[in-house]
Protein chains: 2
Amino acid sequence: MNSRRTSPERPTGPGRATMRDVASRAGVSVKTVSRVVNDEAGVTDELVRRVTAAVTELGYRHNLTASHLRRGHRTASIGVLVQDLSNEFCGAVLRAIEDRARAEGVVVIASSIDEDAERERETAHGLVARRIDGLILMPASRHQDYLDTDRASGLAVVAVDRRPLVTEIDAVVADNQGGAAEAVGHLIAHGHRRIAFLGDSESIATAAERRDGYRMALRASRIGQDPALERMDLRTTEDATRATHEVLGLDDPPTAIFAARNVICTGAVVALQQLSLSGTVALVGFDEVAIGEFVEPRVTVVRQDTHTIGANAFDRLLARLDGDQAPASIEVVPTTLVKRGSGEIRAPRKSAKPRRAVRR
Amino acid sequence: MNSRRTSPERPTGPGRATMRDVASRAGVSVKTVSRVVNDEAGVTDELVRRVTAAVTELGYRHNLTASHLRRGHRTASIGVLVQDLSNEFCGAVLRAIEDRARAEGVVVIASSIDEDAERERETAHGLVARRIDGLILMPASRHQDYLDTDRASGLAVVAVDRRPLVTEIDAVVADNQGGAAEAVGHLIAHGHRRIAFLGDSESIATAAERRDGYRMALRASRIGQDPALERMDLRTTEDATRATHEVLGLDDPPTAIFAARNVICTGAVVALQQLSLSGTVALVGFDEVAIGEFVEPRVTVVRQDTHTIGANAFDRLLARLDGDQAPASIEVVPTTLVKRGSGEIRAPRKSAKPRRAVRR
DNA sequence: ATGAAAGCGCTAACAG
DNA sequence: CTGTTAGCGCTTTCAT
C-alpha cells in the first residue's frame, strides 16, 4: 500500500496519479495544481505550462469524488427511478431528463423499479448514500414518507408521470384525465355511445385518472355508464386482447374502444384484426404506440409530451437545488390527440338513434 | 459554515448528520458507529442499540462517497454509454446491464452519445473524473485510444454491439454477419435470387458486417451480386421507404428484401404496403421491430439477444475488475431467425428455374 | 502569485 | 470489545 510513499512518480502502472504526484513532478505545491486543474485565475503562464505537462505525462485525472467531499458537498449527480428502462415511455422521459442534465454538467444514475415499492425505497436510499443531489421518481409506492428524512436534510425530489401521495413533493405529470376525456369526447362526436374502457390496475394513479376522464366525458354527453364496458387490471398485451374479445362478445357490444395505455392499445389492435373489425370498431389509444402508424387503419392516440415532462421535471429539480422555496406544485402537461384514422370511424346508424342517446 | 462546530446535534435542518454526530449522541467513538453501520461483528448489543437509535434520531445516512475515498478506491459504479437511451435496442441492452449491476450492488450512470465520437470521449472522461470502476461502451468513435491512459490506470472497458477498433478491449456483439447470412439464406431457400439489401452507413461496423453476411450468402449459392440491389446509407424510416420504392421500380426488381436494421425494416414495410406488395415481396428484417407482430403478413426478423449481450458485457467487465488478466476477446452472441410470415413468401415461378438454382 | 496546514466524512491500522 | 490516530485526494483558509 505504501508503494506510493516509496515511488511518488509511477507514470503508468495500476493506481492513479494524484495531485501530489503532479505537484512534485512539476515542482510546485498541490494548491497550484488545484488552481490549474480548476482553471482558477492567477497562476503564471510558466507554472500553468509545467503543471499541464506533468498532468499529461502522469496521466493525471481530476478526482471529483474527493473534490465534492470538500466543497459544498454537492455531487452534481441525480438519481432517476423509472418503472422500466426498456419501456418506450420511460426511455423517452429519461432521455429528456438526461439531455437537460448534461447541459448542466449533472450525471444521471438510472434505475428500474418494476412497480415494486420496496425496491423503490431501497434504491432511493442506496443513491442517497452516494449523495445524489436530487431524485426524479416515477413512484410505484403508495407513500413517499420514506424520503422525509432525506428531504429534510436537503435532498430535492420531483415526481414524474404519477402524482406523489405526499403533497410536499413537486410533480410533473401528463393530463391523464383531460386527455382521456378528449379521446372519449372525440369518439362521442363521431356518433359513438357504447364506448369500452380498457385500463390498467386502479392502484396506479394514472390508470384511475384516465378512467375518471372517460367517465367524465360520458357524463358530459349524458351517456350512462355501463360497468360491463369498463375493464381494469389489464397488465399485458394478451390481457387486453382477451378483454377486447370479451367486450365485443357482449349482447350489446361497444362500437368504440378507448385503450388507456400503450400495451393495452396494442392488444386491442390485435383483437380487432383477429375479428376483422379493424375498420368497423373505432379505437383510440393513450401513449404513442409503436405500431400506431403502420397498421390499417392507423391508430388515433392521445400523445403524452415525454420531452416536456422530462425536461420540466429536471428544471424543477434544479430550481429546488438552487434554493427555490415556493410551495410544492403539480405541473400538468397537456396531451395531444393525434388523429390517424382508427378514432374517426363513425358509429353505425342504429346506435346513433336520438331517442336512445338521451339517457341510457 | 462552522454552525456544525457550534451545534453538533441538529437533528433535522439543512445539512446532514455525520458519523461524529451519531457517535457523540450515542456516547461512543466514531469507529464504533462505523462498525455498526457496516454490520461488522464484535459490537455489544447494547452499543448497537444505542448507535442504531442515534442513527434514526438524527436521520443519519452513511456517506459512501467518503467511504470509497478511503477503502480500495472502488466506487461500485459504472458508466454505460449508448447511442440513444430512448432507442428500443439501447434501452433493452441497458436494462440487461442494470439488472446484473443491481445484483452486484453496482450503480449505472447512463448517457447517450448520438453517434458523436467527440461526445463519447468527453462523457467518458467526465465519468472517469467521477471514478467509475468500469465503462460499457457502444462506440461511435473510430478509435478508442483516448481511453488508453485510463485503462492503464485500472479502468475496465467493454464494448457492446460494435467491435472496438482497439484490439485490447473486450467486446460483446451480435453475430451480425452470421445473422444476415442466415436471413438471406432463408430467402434463397424460398426460391429468391433477386434479393435487395437495405442498410445503414458503411462506417458503422455492424452495418458493414451485415452487408458482408448478405454477400456471403449470395456467393454460397452462386448468385451474382447486383450493385443496383445494394442500398447503403439509409438512416431513417423515410430513407428506407424511398429506397424500397426505388429498387422495386427497377427493370428487373427484387422478389425479396433484406432490411438490415429496425428503422429500415419499418420503412420497407411502409413501402410494401403503399405498393400493395406486402403479400408478394418477401421481407426479412434485422433487430426486433416493434411493428413486426402486428402487420400482415407479420415480419420475419433476425432477433438480437439483447439480454445476453447486456448481461455478458457486465459480467465481462466484472471479471476484469476482479483481476481477470486473460487477453481481450470478442464474444459473438448468436442471433435467432424468427419466422413470422413475411420471410416465407416464395419467389414467383420464373425466378425459380432449376437450371439457375445450381445447388439448392 | 504561491504555499502550508487543516479538514471534508470516512475507515485501516493499531493500540488499550 | 472499543477507541485513537492517521490519511484517502482534494479544497479552503490564511500566510508569505
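Residues numbered from 1 in each chain as written. Chains lettered and ligands numbered in written order. Predicted model: local features only at pLDDT ≥ 70, side-chain atom pairs only at ≥ 80, totals over all residues. Heavy atoms only, no water.

### What about the overall build of chain A?
Spelled out, the test is: Numbering of helices and strands starts at the N terminus; helices are DSSP runs of H or I of at least 4 residues and strands are runs of E of at least 2. Relative accessible area decides the class of each residue, using a 1.4 Å probe on protein chains only: under 20% of the type maximum gives buried, over 50% gives exposed, and in between gives partly exposed. By the convention used here, residues are in contact when the closest approach between their heavy atoms is within 4.5 Å. Calculation of accessible area relied on Shrake-Rupley with a 1.4 Å probe; when residues are assessed, cover is drawn exclusively from the protein chains displayed.
Assigned secondary structure in chain A consists of 14 helices and 12 strands. Along the longest, intermediate and shortest principal axes, the C-alpha atoms of chain A span 95 × 40 × 35 Å. A burial count over chain A gives 54% of its 360 residues as buried. Within chain A, contacts between residues at least 6 apart in sequence are counted, and of these 68% link residues at least 24 apart. Of the roughly 15,700 Å² of accessible surface on chain A, 50% is carried by carbon and sulfur atoms.

### As for the interface of chain B and chain A
Keep this limit in mind: Throughout, the accessible surface (probe 1.4 Å) given up by two parts as they are put together, summed over both, is called the buried area. Any carboxyl oxygen of Asp or Glu that lies within 4 Å of a side-chain nitrogen of Lys or Arg is treated as forming a salt bridge with it. Here the term charged refers only to Asp, Glu, Lys and Arg, the term nonpolar to Ala, Val, Leu, Ile, Met, Phe, Trp, Tyr, Cys and Pro, and the term polar to all other amino acids, Gly among them.
With 54 residues of chain B at the interface, the matching set in chain A holds 54 residues. Summing both sides of the interface, chain B and chain A together bury roughly 4,500 Å²; the carbon and sulfur share of this comes to 54%. At the surface where chain B touches chain A, the tally comes to 8 salt bridges. A salt bridge links Asp-84 of chain A to Arg-95 of chain B, with the shortest nitrogen-to-oxygen separation between them at 2.8 Å. Of all the secondary-structure elements, those providing two or more residues to the side of chain B that touches chain A are α5 (64–70), α6 (88–103), β2 (107–112), α7 (117–129), α8 (148–152) and α12 (262–274) of chain B. Counted by class, the side of chain B that touches chain A contains 23 nonpolar, 20 polar and 11 charged residues.

### A word on the packing of helix α2 (residues 19–26) of chain B against helix α4 (residues 45–58) of chain B
Packed helices, taken two at a time, are described by the angle between their axes plus the distance between the axes. All names here are of chain B. Note the following rule: Think of each axis as a best-fit line through the C-alpha atoms, taken over the contacting stretch in the case of a helix, with angles from 0 to 180 degrees between the N-to-C directions. Oblique is the label for every angle not falling under 35 degrees (roughly parallel), over 145 degrees (roughly antiparallel), or within 65 to 115 degrees (roughly perpendicular). For any pair of crossing helices, the crossing counts as left-handed if the nearer helix is rotated counterclockwise from the farther one by less than a right angle, and right-handed if it is rotated clockwise.
It is the contact of α2 with α4, at a shortest axis distance of 9 Å, that shows an interaxial angle of 125°. As the angle between them shows, α2 and α4 are arranged oblique. Both α2 and α4 take part in a crossing whose hand is right-handed. Along its contact with α2, which presents Asp-21, Val-22, Arg-25 and Ala-26, the element α4 presents Arg-50, Val-51, Ala-54, Val-55, Glu-57 and Leu-58. Here the contact of α2 with α4 is built from residues that sort into 6 nonpolar, no polar and 4 charged.

### Some thoughts on the protein's contact with DNA strand D
Note the following rule: Being near a molecule or strand, for a residue, comes down to having at least one heavy atom within 4 Å of it. As used in this structure description, the phrase polar contact means that two N or O atoms lie within 3.5 Å; if the pair is within protein, one of them must be able to donate a hydrogen and the other to accept it, and residues adjacent in sequence are counted only when both atoms belong to side chains.
Surrounding DNA strand D, one finds 26 residues, the nearest of these being Met-19, Lys-31 and Tyr-60 of chain A together with Thr-44 and Arg-70 of chain B. In the interface set of DNA strand D, defined as its atoms within 4 Å of the protein, sugar plus phosphate atoms amount to 67%. A distance of 3.0 Å separates a phosphate oxygen of DNA strand D from a polar side-chain atom of Asn-38 of chain A. Between DNA strand D and the protein, one listed contact pairs a phosphate oxygen with a side-chain N or O atom of His-62 of chain A at 3.2 Å. Those elements that place two or more of their residues in the surface near DNA strand D are α3 (30–37) and α5 (64–70) of chain A together with α3 (30–37) and α5 of chain B. Of the residues forming the surface near DNA strand D, the biggest block, 4 residues, is contributed by α5 of chain A. In terms of residue class, the surface near DNA strand D is built from 8 nonpolar, 11 polar and 7 charged.

### Looking at the relation of the copies chain B and chain A
Formally: The fit set for superposing copies consists of C-alpha atoms from residues with pLDDT of at least 70 in both; the fit itself is least squares.
Note on the identical chains: chain B maps onto chain A by a rotation of 180° and an axial translation of 0.1 Å, with an RMSD of 0.2 Å. Put plainly, the chains are arranged around a two-fold axis. When the interface residues of chain B are mapped onto chain A, 100% of them are again interface residues, pointing to one common binding face.

### With respect to the pairing of strand β9 (residues 282–286) of chain B
Residue and element names in this part refer to chain B. To keep things clear, this is the line we draw: For two strands to pair, DSSP has to find at least two bridges joining them. We call a crossover right-handed when, viewed with the strands running away from us, the connection from the first strand over the helix to the second turns clockwise.
Of all 5 residues in β9, 5 are buried, a share of seventy percent or more. Of the two faces of β9, the one carrying Ala-282, Val-284 and Phe-286 and the one carrying Leu-283 and Gly-285 are both buried. Here 4 bridges tie strand β8 (residues 256–259) to β9, and the two strands are oriented parallel to one another. Bridge pairing in β9 places Ala-259 opposite Gly-285. For the segment spanning β8, α12 and β9, crossover handedness is right-handed. As paired strands, β9 and strand β10 (residues 300–303) are joined by 3 bridges and run parallel to one another. Paired with Phe-286 across the bridge in β10 is Val-302.

### Thoughts on the packing of aromatic side chains
Under the convention used in this document: Stacked, edge-to-face and tilted labels apply to pairs of Phe, Tyr and Trp rings (six-membered ring for Trp) whose centres lie within 6.5 Å, assigned for plane angles under 30 degrees, over 60, and everything in between, in that order. In our convention, an over-ring charge means Lys NZ or Arg CZ found within 6 Å of a ring centre and within 35 degrees of that ring's normal.
The full count for this structure, using the stated rule, is 6 aromatic pairs over all chains. Seen from their ring centres, Phe-197 of chain B and Phe-258 of chain B are 5.8 Å apart, and the 50° between their planes marks the pair as tilted. One end of the pair, Phe-197 of chain B, is in strand β6 (residues 195–198); the other, Phe-258 of chain B, is in strand β8, and 61 residues separate them in sequence. Given the relative accessible area of 0%, Phe-197 of chain B is considered buried. The buried category is assigned to Phe-258 of chain B, whose relative accessible area is 0%. Members of the aromatic cluster, joined through ring pairs, are Phe-197, Tyr-214, Phe-258 and Phe-286 of chain A. Across from the ring centre of Phe-286 of chain A, 3.9 Å away, lies the NZ or CZ of Arg-210 of chain A, which sits over that ring.

### Observations concerning the protein's contact with DNA strand C
Close to DNA strand C lie 27 residues, the nearest being Thr-32, Thr-44 and Arg-70 of chain A together with Met-19 and Tyr-60 of chain B. The sugar-phosphate share of atoms of DNA strand C within 4 Å of the protein amounts to 68%. Between DNA strand C and His-62 of chain B, the relevant distance is 3.0 Å, taken from a phosphate oxygen to a side-chain nitrogen or oxygen of the residue. Residue Asn-63 of chain B places a main-chain N or O atom 3.2 Å away from a phosphate oxygen belonging to DNA strand C. Looking at the surface near DNA strand C, the elements that each hand over two or more residues are α3 and α5 of chain A together with α1 (3–6), α3 and α5 of chain B. If you tally residues by element for the surface near DNA strand C, the top one is α5 of chain B, at 4 residues.

### Examining unusual backbone geometry
Of the consecutive residues Glu-296 of chain A and Pro-297 of chain A, the connecting peptide bond is found in the cis state with omega at -5°. The residue Pro-297 of chain A is located in the loop between β9 (282–286) and β10 (300–303) in this model. For Asp-233 of chain B, which is not glycine, the phi torsion reads 65° and is therefore positive.

### Comments concerning the domain arrangement of chain A
All names here are of chain A. Rules: What marks off one domain from the next here is an automatic or database domain assignment.
Once the domains are mapped, chain A shows domain 1 (1–73), domain 2 (77–174 + 306–333) and domain 3 (176–305 + 338–344). Just the C-alpha atoms count here: the centres of domain 2 and domain 3 sit 30 Å apart. Residue-level contacts link 14 residues of domain 2 with 13 residues of domain 3. For the pair domain 2 and domain 3, the summed buried area comes to about 1,100 Å², and 40% of that belongs to carbon and sulfur atoms. The largest contributions to the domain 2 side of the interface with domain 3 come from Glu-88, Arg-162 and Ala-174, which together make up 37% of the buried area. If you look at where domain 2 meets domain 3, you find 1 salt bridge. Among the salt bridges present, the one from Glu-209 reaches Arg-163, with a minimum N-O distance of 3.0 Å. Viewed at the interface, domain 3 and domain 2 are joined by 6 residue pairs in polar contact (both at pLDDT 80 or more). Of all the secondary-structure elements, those providing two or more residues to the side of domain 2 that touches domain 3 are α6 (88–103) and α13 (306–321).

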